[in-house]
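The residues making up each chain are set out below.
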Amino acid sequence: MNWVRSAKSHLAAWGPPIVTFAIVAVIWQLLALGNPYVLPTLDAVGSNIVSNPGMYWQNFLVTAQEIAIGAGAGILAGFVLAVLMAELPILERAMMPLMVTIMVTPVVAIAPALVVAFGFGMAPKYIVTGLVVFFPMLVNSLAGLKSVDARAHDVLKTLHASRWEIFRELRFPGSMPFFFAGLRIAFPLSVVGAAVAEFAAAGQQAGLGSLLTIAAAQANLPVTWACIALLCLTGVLLVAVLAVIRRYVLWWSEDGA
């Protein structure tokens, strides 16, 4: 009766969130029916997406490009800097206060200055998106790279392993759970960063964030909430894909599932 156990496990895993979303949907629909100038009904949002697929698809592609390029660069930069800081502790002491200062500066305040520096193209949006994900990746990756087993490190040292060999055989594999923990934070934040970049960085009026801003200014509730729903769905899909990748990469980890 393996299929029975499998069905029960799937029901236990998916049942509670499905029930929760169903309850939220019912409450939303009731509130929307009673307050049509505050919330659109779910069917109005859905029909708006279905009736304008081209508009949403084109704007989604712009936002996806910002996420892919901006967040990808921010994730890579955060990990590379974490490696340098782990290998050169003086670099961590020198640069970490600067990194914290940059990260506590609101990106909404930075965006106009980036537009002045880099123009009205996509570059400021890439930079804003990258900045949002950079610090979580830096902190998590650095924690993982520094949390090596001291006894394993000593063994490699007694075997006269080079710094590269220690990194390849010990630091890098040991940092992977922390790296994926950083990605679990960075992926949703990348969607937020792309939307904020489209809000704050003037220039090309494209992307779900820009469409959301225009629709909200026009009090077009179905389009506004359709954009919000698509941004949320993008974040959920990114986290779901990450969970699948993590399960295969960290198959040896106790919490790799």
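These numbers come from a predicted model, not from an experiment.

Examining the packing of aromatic side chains
Consideration 1: Under the counting rule described, the total for this entry stands at five aromatic pairs.
Consideration 2: Judged by centre distance (6.1 Å) and plane angle (80°), the ring pair of Phe79 and Phe172 falls under edge-to-face. Here Phe79 is found in helix α3 (residues 53–87), whereas its partner Phe172 is found in helix α8 (residues 163–200), with 93 residues between them in sequence.
Consideration 3: Accessibility expressed as a relative area gives 33% for Phe172, which makes it partly exposed.
Consideration 4: Here a set of aromatic residues connected by ring pairs shows up, and it is made of Phe79, Phe172, Phe179 and Phe180.

Quick word on the UniProt feature "transmembrane region" (unreviewed entry) in the protein chain
Consideration 1: Residues annotated by UniProt as "transmembrane region" (unreviewed entry) correspond here to residues 12–31, 67–86, 98–120, 126–145, 178–203 and 223–245.
Consideration 2: For the annotated span residues 98–120, helix accounts for 83% and strand for 0% of the residues, and the straight-line distance between the end C-alpha atoms is 27 Å.
Consideration 3: Within residues 126–145, the helical portion is 100% and the strand portion 0%, while the C-alpha atoms at the span's ends are 27 Å from each other.

Thoughts on the nonpolar core
For soluble globular proteins, nonpolar side chains are generally found buried alongside one another.
Consideration 1: Within the largest apolar cluster, 40 residues are counted, with the highest numbers of intra-cluster contacts made by Tyr56, Ile75, Leu138, Phe179 and Leu183.
Consideration 2: Elements with a contribution of two residues or more to this core: α3, α4 (89–104), α6 (123–146), α8, α9 (208–217) and α10 (221–249).
Consideration 3: Sequence-distant contacts of Leu183, that is, excluding residues within four places in its chain, are made with Ile75, Met137, Pro188 and Leu242.

Calculation notes
Residues numbered from 1 in each chain as written. Predicted model: local features only at pLDDT ≥ 70, side-chain atom pairs only at ≥ 80, totals over all residues. Heavy atoms only, no water. Phe/Tyr/Trp six-rings, centres within 6.5 Å; stacked < 30°, edge-to-face > 60°. Helix = DSSP H or I, 4+ residues; strand = E, 2+ residues; numbered from the N terminus. Buried < 20%, exposed > 50% of the residue type's maximum accessible area, 1.4 Å probe, protein only. UniProt positions renumbered as here; feature names shortened; annotations may be inferred. Core = buried A, V, L, I, M, F, W, Y, C linked by side-chain atoms within 4.5 Å. Contact = heavy atoms within 4.5 Å.

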